Amino acid sequence: MEKRIRFLLDQLEEKFRSGEIDEVTYEDLTKTYLQKLSEIEEEKASKEKSEKVKEKEEKTLEEGKIEQRKLKSLEKEIPITLHENLEIKRRLLQFSKERSIYAFKLYQLSEKIKKKGGGLKKWPQVKEYQNKINNLNQKVAAHTRFLEENQPKIMDLYRKSRDLKGKLFTLEKEIKKGDTTYSLRTQKTALEKEYMETAKALGEEIKEYKTYLQILKDKLQEKKKELKEKKDHPEKLREEISALQTHINLLSSDIVKFSSILPPKIIQKIEEMDQKSLMPLLVYGEKKSDSASKEKGIRIPMKKISAPEKPFFDEPKSEEPPEKSDDISALLKNNDAIAAWDIVDKIIADAQKRFIGFTGPPLLHQGSITIPILIENEPSHESLDRVFETMHPGSFESDSEQRKEYLRSEISSFLKIPEYIALLPRYIRNYCAKKNIKCPLKPEEFKQKIKGIISFQKIKRENGTIIANENDINLLNTDQRKHLAKMKIVPFPISKIEEKTLTKKPLTSHLQKHLGTIIEILNHPNNGAILVYEAFYPDKKILDQTLKNLKKSIKNDYEEKLWYLRFSIAKKLNIGEGDALNPEILAKFCLLEQIPLPPHEVISGYLKWVFMGFISETMKDRVILKRNAFQKPIKHAYPVACKKVVDQEENPLGTAIGITIEKNENGEELVLQYSTKTLEETALEEFEEEEKTNILNTLKESTETALCPETIIKYAIEKGIITEKENYNQLLELLGTKTIPLKKITKITNDKIYIQI
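Described in the following lines is the structure provided in the data block. Only a predicted model underlies this, so the values are computations on that prediction, with no experimental measurement involved.

Reading the values: rules and limits
Residues numbered from 1 in each chain as written. Predicted model: local features only at pLDDT ≥ 70, side-chain atom pairs only at ≥ 80, totals over all residues. Heavy atoms only, no water. Helix = DSSP H or I, 4+ residues; strand = E, 2+ residues; numbered from the N terminus. Contact = heavy atoms within 4.5 Å. Salt bridge = Lys/Arg side-chain N within 4 Å of Asp/Glu carboxyl O. Buried < 20%, exposed > 50% of the residue type's maximum accessible area, 1.4 Å probe, protein only. Pairing = 2+ DSSP bridges. Core = buried A, V, L, I, M, F, W, Y, C linked by side-chain atoms within 4.5 Å. Phe/Tyr/Trp six-rings, centres within 6.5 Å; stacked < 30°, edge-to-face > 60°. Lys NZ or Arg CZ within 6 Å of the ring centre and 35° of its normal.

Here the focus is the overall build of the chain. For the chain, the count of helices and strands is 24 helices and 24 strands. Within the chain, residue pairs in contact and separated by at least 24 positions form 64% of the contacts whose partners lie at least 6 positions apart.

Let us look at the pattern of salt bridges. A side chain of one charge can pair with a side chain of the opposite charge when the charged atoms of the two come close. Applying the stated rule across the entire model yields 22 salt bridges. Ionic pairing is found between Lys89 and Asp254, a salt bridge with its closest N-O pair at 2.6 Å. You can see Lys89 sitting in helix α3 (residues 80-116) and its partner Asp254 sitting in helix α7 (residues 235-259), a full 165 residues away along the chain. Residue Glu650 is joined to Lys752 by a salt bridge in which the shortest nitrogen-to-oxygen separation is 3.0 Å. With Glu650 in the loop between β19 (644-646) and β20 (652-664) and Lys752 in strand β24 (residues 752-755), this pair connects stretches of sequence that are 102 residues apart. With relative accessibility at 40%, the residue Glu650 sits in the partly exposed group. Overlapping salt bridges bring together Glu378, Lys404, Glu405 and Arg408 as one network.

The element strand β21 (residues 667-675) is extensively covered by neighbouring structure, given that eight of its nine residues are classed as buried. Note: β20 against β21, nine bridges, orientation antiparallel. Across the sheet, Gly658 pairs through a bridge with Gln673, a residue of β21. In sequence, β20 turns back onto β21 through a hairpin of two residues. Sheet topology places β21 next to strand β22 (residues 737-741); five bridges connect them, and they run antiparallel. If you follow Leu672 over to β22, its bridge partner there is Ile740.

A separate point is the nonpolar core. Here is a general trend for soluble globular proteins: nonpolar side chains tend to be buried in one another's company. Of all hydrophobic cores here, the largest spans 69 residues; its most connected members are Leu531, Tyr638 and Leu672. With six residues, the top contributor of residues to this core is strand β14 (residues 528-535). For Leu672, the contacting residues outside a window of four places in its chain are Val640, Val645, Ala656, Gly658, Lys738, Thr739, Ile740, Leu742, Ile745 and Ile753. Judged by nonpolar contacts, the second largest core, of 31 residues, contains Leu82, Tyr209, Leu250 and Leu251.

Here we come to the sheet that holds strand β16 (residues 615-618). Strands sit in the order β16-β17-β12-β13-β14-β15-β18 across an open sheet of seven strands; the sheet is mixed. Looking at the sheet topology across the chains shown, the edges are occupied by β16 and β18 (632-633). Where strand β12 (residues 506-508) and strand β17 (residues 623-625) come together, two bridges link them in parallel fashion. Residue Thr508 lies in a different strand from β17, and its bridge partner there is Ile624.

Note that Ser383 resides in helix α12 (residues 381-391). Discounting chain neighbours no more than four positions away, the residues touching Ser383 are Leu441 and Glu445.

The next thing to look at is the packing of aromatic side chains. Scanning all chains against the criterion turns up 14 aromatic pairs. Ring centres of Phe414 and Tyr431 lie 5.2 Å apart, and the angle between their planes is 80 degrees; on these two criteria the pair is classed as edge-to-face. Placement of Phe414 in helix α13 (residues 400-415) and of Tyr431 in helix α14 (residues 425-434) is noted, with a sequence separation of 17 residues between them. Classification of Tyr431 by relative accessible area gives buried; the value is 4%. With a centroid separation of 6.4 Å and an interplanar angle of 70 degrees, the aromatic rings of Phe611 and Phe614 are classed as edge-to-face. Across this residue pair, the class does not change: Phe611 and Phe614 are buried. Linked through ring pairs, Trp341, Phe492, Trp609, Phe611, Phe614 and Phe630 together constitute an aromatic cluster. Above the plane of the ring of Phe358 lies Arg426, whose end atom (NZ or CZ) is 3.4 Å from the centre. A cation over a ring is seen here: Lys747 above Tyr754, with NZ or CZ 5.5 Å from the ring centre.

For the rest of this paragraph, the subject is the pairing of β24. A regular strand places its side chains so that they alternate between the two faces of the sheet. As defined by bridge partners, β19 adjoins β24 across three bridges and the pair is classed as parallel. Counterpart to Val645 in the pairing with β24 is Ile753. For strand β23 (residues 745-748) and β24, the ladder comprises three bridges, and the chain directions are antiparallel. Bridge pairing in β24 places Ile748 opposite Ile753. In textbook terms, the turn of a hairpin is the stretch between consecutive antiparallel strands, and for β23 and β24 this stretch comprises three residues.

This is how it looks when you write it as structure tokens:
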């Protein structure tokens, strides 16, 4: 065709020179032929470029190698099938975006041509865009077909879990209507069993995805660090970083999708699975044999989903509550305490309604209430791009600044809030929740900083808005912020709480992280109303003590400590790892291994408490905490070990052993255990003289502390005198142990516990 047109051009020129055609006809025909020739050359160039791109892509896929990375002294092989799956998805996303861009360009060009009154065929760009769109359509179709034909095992488990959950939902609706026949109940039991088994298998696959996600994140950080150090030709590194970031986003999205179908029990136990066992390769269709998986490396420990969030200031170091409570008692009777808690985590503005920050938990300062002012930072462009893509997948808009302004306008308009606060993380999350889409921001992006403090008396409320004069805010430097951590939180009045509406309910953070189950509401003598819940995992000190006795040294890695302890318990007791960190099981393990952690101390190591004022919302199926609600171990509120137990008239009743959970006709109750025997009457009479000396030498305590009941129990466990729960109970009887509910405690001092009998 190209040769034919060039021949016609030559002929046309000869005819014009010979006078066979006029000048106007010659110019018109020449223009037409040149345009057609240009189109052919562009089409040819586009085709050659397309073939080169296709050849390059095929070569990349064919020559792709498995990358190795080192984890400590071990090598970790990236699962090539999952890597390939993500790479195909990344390319599919890239081609889809390019297609959207050219489709939009074609639309703009068409509109422009319509306004000028021309025909589409006269514009060579139209053909160019159409060719590019057709080429991209072919690529999208090919990559989509590959993904459909090579689905991983996790997809089958996800679909099966989803179908079973739907059947269960339908069946439960029928039963709720009144149809409780034996056949329906039997069918429901069978379905529930099958659903839980399938969901458990799905949870194991999700664990593998999370492991690989962590590998990608580590690799991304390495590449970013390398980019900072590299001075010449960083283009390749930037491409690798971009690809890794896309892989991370795609994998995170998959994990969220697959996890959404899991029941709460499985979600809780995902992190209780083996986090360091041999990791099988993820394959399409079937899983490699165990022997093959053992050759591929070791799984790295993951971050726990439901880990408590760090508060905006650190917890006070002292475990001893102040003895003087006159100021606290006055506050509990004063409505200011309730009002101060009511405004926690609210917007505070100046007199002109201009945004200042957010209110933090009320603090007690020199007998009056002080309110911290907190601020949030807008997310990075990278994070906002993720938000935009979540809202508008495959959008043609590519400029980060334009995306940011679009988000600001959209969120402001939808939530009816000023534009200058619309991109704060909390409002992005609110927008996503109301739009029923997953918020892509990371937990660390919700972190707040302290701007300053203001006296509660200088805060006003106008039509629901919290108003303050900026001149009344004391801005804080670094040293002053550290001092803020030592200030006491204002107690919350117990009269405001209806205990029956809260106990036995799951407790979640403001980001919907499941923290544990509420056991009891207590009126603490120094902290007012507190909520006590049982967490999923023991306190760090329990872990450290256990591992120390197992002669295992793991530095500053809570997750790895959990993994090792879980593995050790399961192996020793021959049980499943999912049950290994149950408080009763851990207590049994400590007795068998002669670890000086009595059952009551193990159980209390799972107990945490939080101020009642931090409750944000009480729902039918859960209780949600406010932002910055921090949780402390129960011993911070009740430091009882070895203290004297007395009544209100200070008559001696015994010596405290510790805190545990006791079951009664009303359910579970938190109780204080104490020995009624004096030191002269204690179980020391059951020990030989040499053992009495060993108690002191082994524990290296003062005589009085070493001979307290808890220390005697620890010695008996450490020396193998008691190795079973039955022996432990006998020793408690020997010590004349009694229990009294924690709610009966009226005061705790440095050496005494006062109880109301």
